[in-house]
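This is what each chain is made of:
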Amino acid sequence: MTCLKPESAQPSDRRPDGGDFNPFAAMEPRVPEATPAPARNGARVKANGVAPQGVYLPNDNILTPQMRSPEYVQLSTAAAMTLGLMPGRMHRCACTRCLNLLLTYPEGCRANCAYCGLARHREAERDYADRNFIRVDWPAVPMEQVVDIVARDGEATPFHRMCISMITHPRTDRDTVAVLKAWTARIPPERVAISILSNPTTMSRDDVKELHGLGVDIFTVALDAATPELFDRTRGKGVQSPHTWAKYWEILDDARDIFGPKKFGAHIIVGMGETEHQALTLVQRLVDLGGHSHMFCFFPEKGSLMDHLPATPRDQWRRVQLARYLIDYCGVRVTQMGFDENGRVTDFGLPAGEVDAVIDSGIAFRTSGCPGKFADDISACDRPYGDSPPSNIASYPFQPNKTDLRKIRRQLRRPKPAKIAAPAP
Ligand code: SF4
């Protein structure tokens, strides 16, 4: 039985030098190795020609079947458990509220992002459908079966949102539309809101318009890297990957025009070498455009080009989580905040009592993403343990309790203020 539970041998979230942030100079990805011709473009899977039979659970010991979107999609382990397609339970979570779908092809994603388990440079080592992504396996399931289960559950569905992750492949634009139509034919968008995690590299403004017209609620762009230099190093020329900062911003600007305020956003991974000031300046830019930021704590994904690097120290992550929440939801501007010579947050721009109240509410430390049905600032996309092991949670996929908040305060180095005794009558 699968159980997403505390693990013992996980990379530390402390830097080897004891530092409390990941500096640019220390976060260099490995150079991707050339893939031998017989392993390129899913050649092994295509040569074996194994026909899929229902649900495929990633398994390195058997031949991977040939599965393609739009007939097949991959699901996060959490979504597969919630749908009842995989046995198991999740540490402190009953279910996930977001059904994350990933388009799938034997050729896999054609990009080579340094932090990603799905990247192209893994072709020789592992077939696409068997690769880990944000720390978990992604079972492949016939799309019809996914729709059948969610449609059957009707209003009782646990899902508040469905999100299609497009990956980078020549077919993803048209296949995203096909998957979307298969979904909306049986599940009204009013019941389960729809998000798109886009692939700007192959998209045009007309593609963005088409998705909006088909009932998509929120459009997101995975910028992931917070600066142009970091973007180039981790997902552009630096790793023989096709993405450019300019194209990502072109599609983000299109999404702002077409989807409108609060209906577009960008993913940012914290701790890949940007300063806290750079990450939060980007958060402010998105808010000023009318959008939101969805944050991930860098974790050295096994098999990725950054798997030798340290996870983001919790101190850095908590500072950025808290500051991002204040900018996104409390009207604080990055210019009101204080930063030291290394770009670390030293002042959150609000009186201490107000900052303490936000910390105590705990929401700032939950997983961020597109909202569900609970509240605007509570993400449906809870991604249980996608950016940390359960033993040292980065993004809480549930409401942190008092014990969690004590730990968070220690990580922030901000002890709870002592209660002031009431004056004697
Ligand atoms: S485009 Fe997305 S799925 Fe493909 S390698 Fe980059 S981050 Fe991974």
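Bear in mind that the values here come from a model prediction, so they are computed numbers and not experimental data. (Residues numbered from 1 in each chain as written. Predicted model: local features only at pLDDT ≥ 70, side-chain atom pairs only at ≥ 80, totals over all residues.)

Okay, the overall build of the protein next. Across its full length, the protein holds eleven helices and twelve strands. The C-alpha radius of gyration computed for the protein amounts to 21 Å, which stays within 12% of the reference 22 Å derived for 425 residues, consistent with globular compactness. The dimensions of the protein, computed from C-alpha atoms along their principal axes, are 80 × 50 × 45 Å. Within the protein, the fraction of its 425 residues that count as buried is 49%. Restricting to contacts in the protein with at least 6 residues of sequence separation, those with at least 24 account for 76%. (Helix = DSSP H or I, 4+ residues; strand = E, 2+ residues; numbered from the N terminus. Rg over C-alpha atoms; globule rule 2.2 N^0.38 Å. Buried ≥ 20, exposed ≤ 12 C-beta atoms within 10 Å, placed from the backbone. Contact = placed C-beta atoms within 7 Å.)

Moving on: the nonpolar core. In this structure, Val73, Leu101, Phe219, Ile268, Val270 and Ala323 are the most contacted members of the largest nonpolar core, which totals 112 residues. Per-element tally for this core: the top contributor is helix α9 (residues 314-329), with seven residues. (Core = buried A, V, L, I, M, F, W, Y, C linked by C-beta atoms within 7 Å.)

This next bit is on the site of the ligand. In the vicinity of the ligand, the contacting residues are Cys109, Ala111, Cys113, Cys116, Leu118, Ala119, Ile167, Thr168 and Arg235. Residue composition of the shell around the ligand, by class: seven nonpolar, one polar and one charged. (Near = placed C-beta within 6 Å. Nonpolar A, V, L, I, M, F, W, Y, C, P; charged D, E, K, R; others polar.)

In this section: the sheet that holds strand β4 (residues 98-103). In spatial order, the strands read β5-β2-β4-β6-β7-β8-β9-β10; together these eight strands make up an open sheet with mixed pairing. Only two strands of the sheet have a single partner each, and these edge strands are β5 (140-142) and β10 (292-297). Mean inter-strand twist for the sheet, computed between neighbouring axes without regard to direction, equals 30°. The sheet contact formed by strand β7 (residues 193-197) and strand β8 (residues 218-224) spans three bridges and is parallel. Counterpart to Ile196 in the pairing with β8 is Phe219. (Pairing = 2+ DSSP bridges. Axes fitted to C-alpha atoms, helices over the stretch in contact; angles between N-to-C directions.)

The subject of this paragraph is the packing of α9 against helix α11 (residues 402-412). At a minimum axis separation of 8 Å, α9 and α11 run at an interaxial angle of 105°. Taken as axis vectors, α9 and α11 run roughly perpendicular relative to one another. Seen from α9, the contacting residues are Arg314, Asp315, Arg318, Arg319 and Leu322; seen from α11, they are Ile408, Gln411 and Leu412. (Parallel < 35°, antiparallel > 145°, perpendicular 65-115°, else oblique.)

In this fold, Val208 is placed in helix α5 (residues 205-213). Val208 sits in the buried class, given 26 other C-beta atoms within 10 Å. In sequence terms Val208 and Asp254 are 46 residues apart; their C-alpha atoms lie 7.2 Å from each other. In contact with Val208, other than residues within four places in its own chain, are Met203, Phe219, Ile251, Asp254, Ala255 and Ile258.

Secondary-structure assignment places Tyr115 in the loop between β4 and β5. Residue Tyr115 is classed as buried on the basis of its C-beta count, with 26 C-beta atoms lying within 10 Å. Non-local contacts of Tyr115, meaning those with residues more than four positions away in its chain, are made with Thr234, Ile269, Met272, Phe298, Glu301, Ser304 and Met306.

Glancing now at the environment of Glu71. Within the secondary structure, Glu71 is located in the loop between α1 (43-48) and β2 (72-75). Along the backbone, Glu71 and Leu180 are 109 residues apart, and their C-alpha atoms lie at a distance of 12 Å.

Moving on to unusual backbone geometry. That bond from Ser69 to Pro70 is cis: its omega, 10°, falls within 30 degrees of zero. When you line up the elements, Pro70 lands in the loop between α1 and β2. Positive phi, close to 55°, is recorded for Gln240, a residue that is not glycine. A residue is classified by how many C-beta atoms lie within 10 Å of it, and Gln240, with 13 of them, is partly exposed. Positive phi values are uncommon outside glycine, yet Arg383 reaches one of about 35°.

Moving on, we come to the pairing of β7. The element β7 is largely enclosed, with a buried count of five among its five residues. The alternating pattern of β7 places Ala193, Ser195 and Leu197 on one face and Ile194 and Ile196 on the opposite face, and all of these are buried. Crossover strand β6 (residues 161-165) to β7 through helix α4 (residues 172-184) is right-handed. With α5 bridging β7 and its parallel neighbour β8, the resulting β-α-β unit is right-handed. (Right-handed = clockwise from strand over helix to strand, strands pointing away.)

What follows concerns the pairing of β8. For β8, the buried fraction is high: seven of the seven residues fall into the buried class. A two-sided burial pattern is seen for β8, the buried positions comprising Ile218, Thr220, Ala222 and Asp224 on one face and Phe219, Val221 and Leu223 on the other. With four bridges connecting them, β8 and strand β9 (residues 264-270) associate as parallel partners. Note that in β9 the partner of Val221 across the bridge is Ala266.

The predicted model of the protein averages 93 in pLDDT, with 95% of residues at 70 or higher. Contacts of residues 1-12 to residues separated by more than four positions or lying in other chains number 27 contacts, the stretch itself having pLDDT below 50. (pLDDT = per-residue confidence, 0-100.)

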